[in-house]
Amino acid sequence: MLRTENKVVSKLYKFATAQFATKVVREEDLPKPITLITGASRGIGLALAKDMAARGHHVIGLSRSAPKDGFPGDYVTGDLSDAADTARALAEIAKSYQVDNLVNNAGLITVERLEQATLPAFEQMIAVNMRALMQCSQAVLPAMKAKRHGRIVNIGSRAALGKDGRGTYGATKAAVVGFTRSWALELARDGITVNCVAPGPIETELFRDANPPGSPQAEALIATVPVGRIGQPSEVAAACAYFMSDEAGFVTGQVLNVCGGLTVGQAVM
């Protein structure tokens, strides 16, 4: 009798163990968050792509050309200065991916004071810094709304607070702040947050081309930064990663200046 009972208990144990085992889901088997990053071929965008891939995201890059030395995800090419080509690229992405996170990183800058400012240059900045940002955000909304979850991070600039020679550029980045705040209110009940990361001087390829290490202009700029150095693309990436995290679900409509303290004491937009 005891032997029979032991066999029954053994079978029940094996059954329970098997049932439990089927419910255990390995972390690597969970679906990866899909993150779309514009302007991801270099600089901040590429650093962010590498960072998010390391965090387990399926990264999609979008810009006019793919990186020369590989990319940690999928890449779609499209000219964001052209509305029609932007729409084509976004339609291609929407067919294959249900985007969870969008980082509107692509940007264009022309340094020009008011007397030298030209309409063509201003219109180009509007196209990339504002119109493409709106197009990309509109394109990901259906998937985000269907999931009732999404993260949009817009890359702004401290130039939105005012900077010599950045009047037209700063105006487009001030518009990014306006987009961020209004969209945050519009999309909050859909589980979608919208925030902005506004970098100061960051050590990208373009920055170093204009400000070689040790040059008078580089040293003069560093002297104005309270922390005494230029920021790194990885530091901007970390700020973006926070806004895309589950822990940031109660944060929306905010602007985070990653600027080494340069904006301290300036009016907050």
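This text follows the structure it describes.
Residues numbered from 1 in each chain as written. Predicted model: local features only at pLDDT ≥ 70, side-chain atom pairs only at ≥ 80, totals over all residues. Heavy atoms only, no water.

Student: Even after reading the chapter, I still don't get the sheet that holds strand β4 (residues 101-104), so can you show me in this structure?
Tutor: Sheets are built from strands paired through backbone hydrogen bonds, the pairs being either parallel or antiparallel. Spatially, seven strands are ordered β3-β2-β1-β4-β5-β6-β7 in an open sheet, and the strand pairing comes out parallel. Single-partner strands in this sheet number two, and they are β3 (73-77) and β7 (255-258). Between one strand axis and the next, the sheet turns by 20° as a mean value, whatever way the strands run. Here three bridges tie strand β1 (residues 34-38) to β4, and the two strands are oriented parallel to one another. Residue pairing in the sheet places isoleucine 37 in a bridge with valine 103 of β4. The strands that helix α3 (residues 83-96) touches are β1, β2 (58-63) and β3; relative to β3, the one it contacts most, it runs at about 150°. (Pairing = 2+ DSSP bridges. Helix = DSSP H or I, 4+ residues; strand = E, 2+ residues; numbered from the N terminus. Axes fitted to C-alpha atoms, helices over the stretch in contact; angles between N-to-C directions. Contact = heavy atoms within 4.5 Å.)

Student: Would you mind showing me how to read the packing of aromatic side chains here?
Tutor: The description of an aromatic ring pair rests on the distance of the ring centres and on the angle between the ring planes. Applying the stated criterion across every chain yields a total of three aromatic pairs. Ring centres 4.7 Å apart and planes at 85° place the aromatic pair phenylalanine 71 and tyrosine 75 in the edge-to-face group. Phenylalanine 71 sits in the buried class, given a relative accessible area of 18%. Ring centres 5.6 Å apart and planes at 45° place the aromatic pair tyrosine 242 and phenylalanine 243 in the tilted group. Owing to a relative accessible area of 37%, tyrosine 242 belongs among the partly exposed residues under this scheme. (Phe/Tyr/Trp six-rings, centres within 6.5 Å; stacked < 30°, edge-to-face > 60°. Buried < 20%, exposed > 50% of the residue type's maximum accessible area, 1.4 Å probe, protein only.)

Student: Before we go on, may I ask you to explain the pattern of salt bridges in this structure?
Tutor: Here the idea is simple: oppositely charged side chains can pair when their charged atoms come close. Tallied over the full model, the rule gives nine salt bridges. Measuring nitrogen to oxygen at the nearest pair gives 3.3 Å for the salt bridge that ties glutamate 92 to arginine 88. Here glutamate 92 pairs with arginine 88, and both are found in helix α3, just four residues apart, close to one helical turn. Glutamate 92 gets classed as partly exposed once you look at its relative accessible area, which sits at 40%. A salt bridge links glutamate 235 to arginine 229; its shortest N-O distance comes to 2.6 Å. Looking at arginine 229, the relative accessible area reads 39%, which means it is partly exposed. Connected through shared salt-bridge partners, Asp85, Arg88 and Glu92 make up one network. (Salt bridge = Lys/Arg side-chain N within 4 Å of Asp/Glu carboxyl O.)

Student: Explain unusual backbone geometry here, please?
Tutor: Backbone phi values are negative for most residues with the exception of glycine, while trans is the configuration of most peptide bonds. Its identity is not glycine, yet arginine 148 carries a phi of approximately 55°, on the positive side. Its place among the elements puts arginine 148 in the loop between α4 (119-147) and β5 (150-155).

Student: Hey, could you run me through the nonpolar core in this one?
Tutor: One broad rule of soluble globular proteins: the nonpolar side chains tend to lie buried together. Counting residues in hydrophobic clusters, the biggest one holds 28 residues, and the most contacted among them are Leu36, Leu62, Ile93 and Ile152. Among the elements that take part in this core, α4 stands out by supplying six residues, more than any other. Filtering out sequence-adjacent residues up to four positions away, leucine 36 remains in contact with Ile60, Leu62, Leu90, Ile93, Val99, Asn101, Leu102, Val103 and Val140. One finds Ala40, Ala49, Val59 and Ala239 within the second-largest nonpolar core, a separate group that totals 23 residues. (Core = buried A, V, L, I, M, F, W, Y, C linked by side-chain atoms within 4.5 Å.)

Student: Just checking my understanding: could you explain empty space enclosed by the protein for this structure?
Tutor: A probe as big as a water molecule, rolled over the atoms, marks out the empty space that is left. Across all of its chains, the model carries one cavity of 30 Å³ or more by this definition. Of the voids in this model, the largest cavity is the one considered here, and its volume is about 60 Å³. Element by element, the count of residues in the lining of the largest cavity is highest for α4, at five residues. Looking at side-chain class alone, the lining of the largest cavity contains seven nonpolar, four polar and one charged residues. (1 Å grid on protein atoms, 1.4 Å probe; cavity = no way out; pocket = protein on both sides within 12 Å on 5 of 7 lines; lining within 4 Å. Points joined across faces, edges and corners; volume = space filled by probe spheres on them. Nonpolar A, V, L, I, M, F, W, Y, C, P; charged D, E, K, R; others polar.)

Student: Just checking my understanding: could you explain the layout of surface pockets for this structure?
Tutor: Its boundaries defined by the atoms lining it, the largest pocket holds a volume of some 1600 Å³. Breaking the lining of the largest pocket down by element, the ones donating at least two residues are α2 (43-54), α4, α5 (167-187), α6 (205-210) and α7 (216-224). When residues in the lining of the largest pocket are grouped by element, the largest group, five residues, is from α2. Taken together, the residues of the lining of the largest pocket sort by class into 20 nonpolar, 18 polar and 11 charged.

Student: Just checking my understanding: could you explain the packing of α4 against α5 for this structure?
Tutor: Axis angle and axis distance: for two packed helices, these are the angle between their axes and the distance between the axes, and together they describe the pair. At a closest axis distance of 9 Å, the pairing of α4 and α5 adopts a crossing angle of 15°. As far as their axial angle goes, α5 and α4 are roughly parallel. For the element pair α4 and α5, the recorded crossing hand is right-handed. Listed contacts from α5 to Phe122, Met125, Ile126, Asn129, Met130, Leu133, Met134, Ser137, Leu141 and Lys145 of α4 are Thr168, Tyr169, Thr172, Lys173, Ala175, Val176, Phe179, Trp183 and Leu187. Counted by class, the contact of α4 with α5 contains 13 nonpolar, four polar and two charged residues. (Parallel < 35°, antiparallel > 145°, perpendicular 65-115°, else oblique. Left-handed = near helix turned anticlockwise from the far one by under 90°.)

As far as function goes, none of this settles anything; it's purely spatial.
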